[in-house]
Amino acid sequence: MASELIYRLSCRAAGRGAAGVARMFERAAGPHAAALGVGIEDLRARGQAWMLVQLGMAVRRWPEPGEAVEVATWPSRRTAGARAWREYEMISGAGEKLIEAASVWLIADLTSRKPVRLPRFLHTLEFPPRDTRVTFASAPQPPATPPRVAARIVSPEDLDINNHANNAAYLAWAEAEEAVEPPCFMQADFLDEALPGEEIRVQTWKLGEGSVLQQIAGPRGVCASLQWRRENRGE
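What counts, and where the lines are drawn
- Residues numbered from 1 in each chain as written.
- Predicted model: local features only at pLDDT ≥ 70, side-chain atom pairs only at ≥ 80, totals over all residues.
- Heavy atoms only, no water.
- Buried < 20%, exposed > 50% of the residue type's maximum accessible area, 1.4 Å probe, protein only.
- Helix = DSSP H or I, 4+ residues; strand = E, 2+ residues; numbered from the N terminus.
- Pairing = 2+ DSSP bridges.
- Phe/Tyr/Trp six-rings, centres within 6.5 Å; stacked < 30°, edge-to-face > 60°.
- Lys NZ or Arg CZ within 6 Å of the ring centre and 35° of its normal.
- Polar contact = N/O pair within 3.5 Å; in protein donor to acceptor, adjacent residues only side chain to side chain.
- Contact = heavy atoms within 4.5 Å.

Novice: Even after reading the chapter, I still don't get the pairing of strand β8 (residues 184–190), so can you show me in this structure?
Specialist: Successive side chains on a regular strand alternate, one facing one side of the sheet and the next facing the other. In terms of burial, β8 is a largely internal element, seven of the seven residues being buried. In β8, alternate side chains face the same way, and those of Cys-184, Met-186, Ala-188 and Phe-190 on one face and Phe-185, Gln-187 and Asp-189 on the other are all buried. Relative to β8, strand β2 (residues 48–59) is paired through six bridges, and the arrangement is antiparallel. For Ala-58, the partnering residue across the bridge sits in β8 and is Phe-185. Where β8 lies against strand β11 (residues 221–230), seven bridges are found, and the strand directions are antiparallel. The residue bridging Ala-188 from the neighbouring strand is Leu-226, located in β11.

Novice: Explain the packing of aromatic side chains to me, please; I cannot follow it from the model alone.
Specialist: The geometry of an aromatic ring pair is captured by the separation of the ring centres together with the interplanar angle, meaning the angle of the planes. In this structure the tally under the stated criterion is five aromatic pairs. Geometrically, the ring pair formed by Phe-25 and Tyr-88 is stacked, given 4.3 Å between the ring centres and 15° between the ring planes. One end of the pair, Phe-25, is in helix α1 (residues 18–35); the other, Tyr-88, is in strand β4 (residues 84–92), and 63 residues separate them in sequence. Phe-25 gets classed as buried once you look at its relative accessible area, which sits at 2%. Judged by its relative accessible area of 3%, Tyr-88 is buried. With a centroid separation of 5.7 Å and 55° between ring planes, the pair formed by Tyr-170 and Phe-190 is classed as tilted. Highlighted residues: Tyr-170 in helix α3 (residues 167–177) and Phe-190 in strand β8, separated in sequence by 20 residues. Among the residues examined, Tyr-170 registers a relative accessible area of 2% and is labelled buried. Phe-190 sits in the buried class, given a relative accessible area of 9%. Of the aromatic side chains, those joined through ring pairs into one cluster are Tyr-170, Trp-173 and Phe-190. The ring of Trp-74 is capped by Arg-130, whose NZ or CZ atom sits 4.2 Å from the centre of that ring.

Novice: Please clarify how the side chain of Ser-76 should be interpreted in this entry.
Specialist: Here Ser-76 is to be found in the loop between β3 (68–75) and β4. Among the residues examined, Ser-76 registers a relative accessible area of 0% and is labelled buried. At 3.0 Å, the side chain of Ser-76 forms a polar contact with the backbone nitrogen of Arg-78. With near-sequence residues (within four places) excluded, Ser-76 lies in contact with Trp-85, Arg-86, Glu-87, Phe-127 and Asp-131.

Okay, structure coming up:
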C-alpha cells in the first residue's frame, strides 16, 4: 500500500535552522532507503552512493532546540529518469506543520563519480498520492556587485561516509554568514564536492528585502548555490 511507503521518525531538534533540519531528514531517509533495499550499505556493496543534487524547504518556523517533532518522508511520484525525488514534512508535537521539503537524488558510481541508472523498481513503487508544495527553479547567476566573502577549511567534522563534506555542512556554512528568518523558502543546488582540508569560500549577496543568494566555492569551482527568500505569512 502507498501508505506503507511513508516513514515516520519521532525525534528532538538538535538545533535551529536548515542544517539541523537537513540532518534530521537524513536520519529519517537513511533507514527508510535501507528498508527499500537501496540504503548506503546496499549501494556501497555495488560501488555506488546516493548523491544529493537539490534540496528545497518551505519553512513556517524552525523547530526550537530540544523540541519534539515528527519527520514524515516518502519516495515521491515525481521520480523520473535518473532523478529520484524524496519528500518530507516536519510536524510539531502539537500537530503544527513546520516544514515541507523535497530533495532530488542521483546514484553515482564511486570510482567515476558519474550518475548511473536508478534501479527499475524505484520507478514502479506504489507512490503515496501526495506532494509537498516545494518546486525547484534554476540556480540564478550572481549579480555583478562584489559579494561578502568568508573562508573556511573543510574539517573532519564536516565529512560524511563518502569522505567529502556532508550536504548539511554547506547549509551550516551558509547560515553562519546570513540567516533568513521564517517564514521562508530555501533552495540548495549541490554542484560539486568539497574534500577534507580544502579551503572553501562562502560568497553572499543580499538581493533585496529578505532575499539572499549564496555560492560556496572550492578549488575546482562552485560546489553549491543557495537561494533564500522571505515569504508572507499567508504563503
